[in-house]
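# Commentary on secondary and tertiary structure
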Amino acid sequence: MTFEKALKEKRLFFDGAMGTMLQARGLALTELPEALNIKSPEVIEDIHDLYIKAGCDIIKTNSFGANSIKLHGTGLDSYEITRAAISVAKKAASRSDKKVYVAADFGPTGKLLMPIGDLSFELAYDAYAQALRAAQEEGADLILFETFSDTYELKAAVLAAKENTNLPIVCTVMADENGKLLTGAPVEGVAAMLEGLGVCAVGLNCGIGPTEMQPIAKRIFDATSLPVVVNPNAGLPATDRNGRTYYDITARQFALSTTEIAEYANILGGCCGTTPEYIKALIDKAENIPLPPEHEFTKTVVTSGSSAVVLGEGTVIIGERINPTGKPLFKQALRENNIEYILKEGIAQQESGAHILDVNVGLPDIDEKSMLPFVVERLQGVTSLPLQLDTSDAVALERALRTVNGKPLINSVNGKKESLQSFLPLAKKYGGVVVALALDEKGIPDTVEGRVEIAKRIIAEAEKIGIKKRDILIDLLTLTISTGSSAKVTLDGIREIKKLGVGTILGVSNISFGLPLRENINSAFLSMAIEAGLDAAIMNPSSKAMMDSYHSAMALCGYDKNCQNYIERFSDTANEKKPVKPQNTGIEQAIKTGLCESARSAATELLQKEEPMSIVQHRLVPALDEVGALFEKGKMFLPQLLMSAEAAQAAFDQIKAHILLNGGEPVKKSKIVIATVKGDIHDIGKNIVKVLLDNYGYNVVDLGKDVSPETVVQRAIEEKAEIVALSALMTTTLPAMEQTIKLVKEKIPHCKTIVGGAVLTPEYAEKIGADAYAKDATEAVRCCRELIG
Amino acid sequence: MNLEKETARYLGYRGSEPEDRVKELIAECLSAVKQSSDFRIVCDRFDVWTSVNSVHIGELVFESKTLSYHLKDCHQAVVLCATLGVEIDRLLHKLGISDIAKCAVLQAASSAYLEYKLDEYCNGVAQQERARGNLTHTRYSPGYGDLALECQREVLDILSAGKKIGVGTTDAFALTPTKTVTAIVGIYKEKREDKI
């Protein structure tokens, strides 16, 4: 019987800990347990034997750390180690009278993925690929990814397994008592992502004992249709008198508490601290408990790496602002690779109350295939919201689906054959929620029936390839009422569609196209759509009128328990707390005191009567110079300097927008490429320098942190940069700085280099060939002025 | 430790009082740090042997004269790793884009908070040791003196800090999440002159 069949038919038991058994046999903490598969396979075989004798059905191979990152520098090869680990497990399994399944066991790489750490998604994928091929070739029955605490790393591992093996995949994560991973993801979100990716069972291991695990296991059971796996520790770690760690419950207690989880879990077993004695006690106790009932999870869930949004309980807001359509500033930002502008849009929408962010970067002269995944990657570093990938390009979509952390929305497919054929298989493979537009080759039907017909056809096509109804949202399309159609078609349609058992989504603002004071219509329509049962509204969360309507309608429809959100939103108003009004102080004073709103409004006022460049040269720059001088004299401190910089930036943004909208040439001084060097992940200093250089009108291209010398040089060439500015915060990354400067000098000799960072000295900067050393941000500005004016 | 003052000190205010707006920002950031941080610590006790150039701590060997000097009278050491978790880093990334002034203050506030939590923890360790007739030294971390940053990885491995509290290092041995500290606390026998 295959593992997948057995999983459905009977209760299965995993073995217990490998590490605990090895330590009891004298394995030192500094030794690699995986090496024993080759060095002393008999020890490993003996442990497998003991667990098989205890009665378990699945044994985990001794390959927890067999990925190429963990084994880097140890002289061991992940492929060979995995082969040996599976071979020894199979040998033990083959001696058993009953069928024992061999699970090729893999843990995390031990490195954190970007943007928190320096490991890229692709390298995480590669780290497992080789070992997984070994698992397939050597004949493992299943793949087990265990003890993961980051959904992004787990996604890389699962994709590697899907693309390098055809084995069933089981995943267990390490959650805390609150049901969260170390990266903040709730277990419900983890389950949604993994079920979307097509694994065959999900669950928990390590971290906590069975008592603490019970409520978390129930939460997983309630959030997935998949069978649940539970491998708890033997209680919680405690320290004995000699300072040695042990786990605090006995085999009997372990068996009792773990058995209590059996009503939610198909597979039970053990992790740290458990031994064959624990597993035997558990099997004796739980063997005859019937399996949990097969159950279908029907809710629509989308996730990010740290949050999950459940649809169907009122309406969620999808922020629509990351989209170049009709936005000249956004288009310019895209063309200039100004990623900060796009990220700011994302952050602002999150702060305005969006639950999900739509991401659309399609422009005729932009390579969407590389831009969409790039923006997705950067965006998920600064927002915790799930994303909606908005594109009509299947290649861009697939790349973004790989890059995105969690389970995204896919915007969109429609009833056209070509769309269904190219997009649905991607949604199935990567596990997204599909937005389906009710239109086809013949256009948008006028009637509710016509649109529902198309929706039914799309649902049928999706179900054919295994996409469930919960992972489909129908967009009935909003046509503007200004041309004579009525919103009723859409609103009636929402009610009809919901009867089909799928969710609904709408771009709300189209309704008012061509009418004056559009927010009036949009707000009223949004309220009506919420009442009709709309699941997701694509809209501008920074529109106060619409957000006011949203909160009112949610409260009226009973989706806002005890009107909590409504009260929270409006209590400030109720208390008559007035917003801070910009003070009329003049732009120079506003910058010097660091008042953003005042600086912005002063700039707007000045632009009526003064040339934009004159404002910059005669007001902005002198005010900044004054602030810089005070900072250097120690009369002003970093927070004040930065508040002034923010205020100057607010004024400057206003001026740039004015120039762009009035058809002038953008204000741009020389280009400066700035980066934190390879290996270094501390970037606040670099960010501060960037903001100040921006203030002075330099065209700063920020490459971020941990940037290789090759990338710095390549981008400096592409951007025709006159200066490369580098930051390094650690002694261990100074060599990377030296290499970068060397490469700059070699490939672009006319380009100047400026360096700074905590561990640098002017002498060292000179030694490694930098053209200038800046001890802080104001000095960096001075250096740039001296070098290129 | 006064967290407000310590944060201001990190921001360059030495002796002088921050202005009201900065004070407000410091208070706001400290409360954000307390809310967003997920302080976790792993530690273990090991036996210590020192020679002039190196130190054995359990199964680990560190080539470091300065650490050897620091631990010269110690028979044991507590090796620890503590972190505020990933959420603070996420917040810093976000503020690095949207509000650089707040970002700088949050950076300082989170460093001050991590030190504060570590002090609290180490005071607890010191108290326990005192009950056993031992005294403890101040914390010593990779990167101090000639103790190379390269040993971060071994420290994390011996504590299973990756698995237990989600800490890793970059290729250049920077700890991740960034608000993470590893340290060695030497334990030595109380002598009569210590009592005086």
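Quick summary incoming for the structure in this document. (Residues numbered from 1 in each chain as written. Chains lettered and ligands numbered in written order. Predicted model: local features only at pLDDT ≥ 70, side-chain atom pairs only at ≥ 80, totals over all residues. Heavy atoms only, no water.)

## Examining the overall build of chain A
Under the convention used in this document: In this description a helix means any DSSP run of H or I spanning at least four residues, a strand means any run of E spanning at least two, and both kinds are numbered starting from the N terminus. The globule rule used for comparison is 2.2 Å times the number of residues to the exponent 0.38, while the radius of gyration itself is calculated over C-alpha atoms. Working definition: with a 1.4 Å probe on protein chains only, accessible area under 20% of the residue-type maximum means buried, over 50% means exposed, and in between means partly exposed. Note on contacts: a residue pair qualifies if any of its non-hydrogen atoms lie within 4.5 Å across the two residues. A residue counts as positive if it is Lys or Arg and as negative if it is Asp or Glu; His and the chain ends are not included. A charged residue contributes its charge at one atom only: NZ of Lys, CZ of Arg, CG of Asp or CD of Glu.
Scanning chain A for helices and strands turns up 30 helices and 25 strands. Relative to the globule expectation of 28 Å for 789 residues, the C-alpha radius of gyration of chain A, 30 Å, shows essentially globular dimensions. With respect to the three principal axes, the spread of C-alpha positions in chain A is 90 × 75 × 50 Å. Burial status across chain A gives 60% buried among its 789 residues. Sequence-distant contacts in chain A: of pairs separated by 6 or more residues, those separated by 24 or more amount to 74%. Distance between charge centroids for chain A: 1 Å, based on 85 positive and 101 negative side chains.

## Some details on the packing of aromatic side chains
All names here are of chain A. Test applied: Working definition: a ring pair exists when centres of Phe, Tyr or Trp rings (six-membered ring for Trp) sit within 6.5 Å. Plane angles under 30 degrees give stacked, over 60 give edge-to-face, the rest tilted.
Enumeration over the complete set of coordinates arrives at 13 aromatic pairs over all chains. Measuring from ring centre to ring centre gives 5.9 Å for Phe145 and Phe148, while their planes differ by 80°; the resulting arrangement is edge-to-face. A single burial state applies to Phe145 and to Phe148, both of which are buried. Between Phe254 and Tyr278 the ring centres are 5.5 Å apart and the planes differ by 70°, which places this aromatic pair in the edge-to-face class. A residue pair is termed long-range when its members are at least 10 positions apart, and Phe254 in helix α10 (residues 251–259) and Tyr278 in helix α11 (residues 276–286) qualify at 24 residues. We note that Phe254, like Tyr278, is buried.

## Observations regarding the packing of helix α17 (residues 448–464) of chain A against helix α18 (residues 488–499) of chain A
Residue and element names in this part refer to chain A. Let me state the cut-off plainly: Only the stretch in contact is used when a helix axis is fitted, and all axes are lines through C-alpha atoms; the angle between N-to-C directions ranges over 0 to 180 degrees. Each angle is binned into one of four classes, with values under 35 degrees roughly parallel, values over 145 roughly antiparallel, values of 65 to 115 roughly perpendicular, and all other values oblique. Crossings are sorted by hand: turned counterclockwise from the far helix by less than a right angle, the near helix makes the crossing left-handed, and turned clockwise it makes it right-handed. Residue polarity is assigned by list, with Asp, Glu, Lys and Arg as charged and Ala, Val, Leu, Ile, Met, Phe, Trp, Tyr, Cys and Pro as nonpolar; anything else, Gly included, falls into the polar class.
In contact at an axis separation of 9 Å, α17 and α18 are set at 40° when each is read in the N-to-C sense. The orientation of α17 relative to α18 falls into the category oblique. The two elements α17 and α18 meet at a crossing, and its hand is right-handed. Contacts between α17 and α18 involve Val448, Arg451, Val452 and Ala455 from the former and Val489, Thr490, Asp492, Gly493, Glu496 and Ile497 from the latter. Broken down by class, the residue content of the contact of α17 with α18 amounts to 5 nonpolar, 2 polar and 3 charged.

## Let's talk about the sheet that holds strand β5 (residues 134–140) of chain B
Residues and elements named next belong to chain B. Here is the rule: For two strands to pair, DSSP has to find at least two bridges joining them.
With antiparallel pairing, the 6 strands of this open sheet are ordered in space as β3-β2-β1-β4-β8-β5. Of all the strands in the sheet, just β3 (60–63) and β5 have a single pairing partner and so form its edges. For this sheet the average axis-to-axis angle between neighbouring strands, irrespective of direction, equals 30°. The pairing of strand β1 (residues 40–50) with strand β2 (residues 54–57) spans 3 bridges and is antiparallel. By the bridge assignment for β2, Val48 is matched with Ile57. The sheet strands contacting helix α5 (residues 100–131) are β1, β4 (74–83), β5 and β8 (180–189), and the helix crosses β5 at an angle near 160°.

## Notes on the nonpolar core
The condition is simple: For our purposes a nonpolar core is just a set of buried Ala, Val, Leu, Ile, Met, Phe, Trp, Tyr and Cys residues, chained together by side-chain atoms within 4.5 Å.
Formed by 161 residues in total, the largest nonpolar core has its most connected members in Phe106, Tyr128, Phe145, Val158, Leu194, Leu204 and Ile474 of chain A. Sort the elements by how many residues they give to this core and helix α6 (residues 121–138) of chain A lands first, with 9 residues.

## Section: the pattern of salt bridges
Residue and element names in this part refer to chain A. Applied cut-off: By salt bridge we mean one thing: a side-chain nitrogen of Lys or Arg within 4 Å of a carboxyl oxygen of Asp or Glu.
On inspection of all chains with the given rule, the structure shows 64 salt bridges over all chains. Notably, a salt bridge pairs Asp471 with Lys407, separated by 2.8 Å at the nearest N-O pair. Linking Asp471 in the loop between α17 and β18 (472–475) with Lys407 in the loop between α15 (394–403) and β16 (409–414), this pair joins segments that are 64 residues apart in sequence. Across this residue pair, the class does not change: Asp471 and Lys407 are buried. Each of Glu195, Glu296, Lys407, Lys468, Arg470 and Asp471 takes part in salt bridges that share partners, so that together they form one network.

## Side note on the sheet that holds strand β7 (residues 228–231) of chain A
Residues and elements named next belong to chain A. If you walk across this open sheet you meet the 8 strands as β1-β10-β7-β6-β5-β4-β3-β2, and the pairing is parallel. The two strands at the open ends of the sheet, each matched to only one other strand, are β1 (12–13) and β2 (58–60). Pairing geometry for β1 and strand β10 (residues 267–268), over 2 bridges, is parallel. Among the inter-strand pairings, Phe13 is bridged to a residue of β10, identified as Leu268. Relative to the sheet, helix α9 (residues 210–221) contacts β6 (201–205) and β7, its axis offset from that of β6 by approximately 165°.

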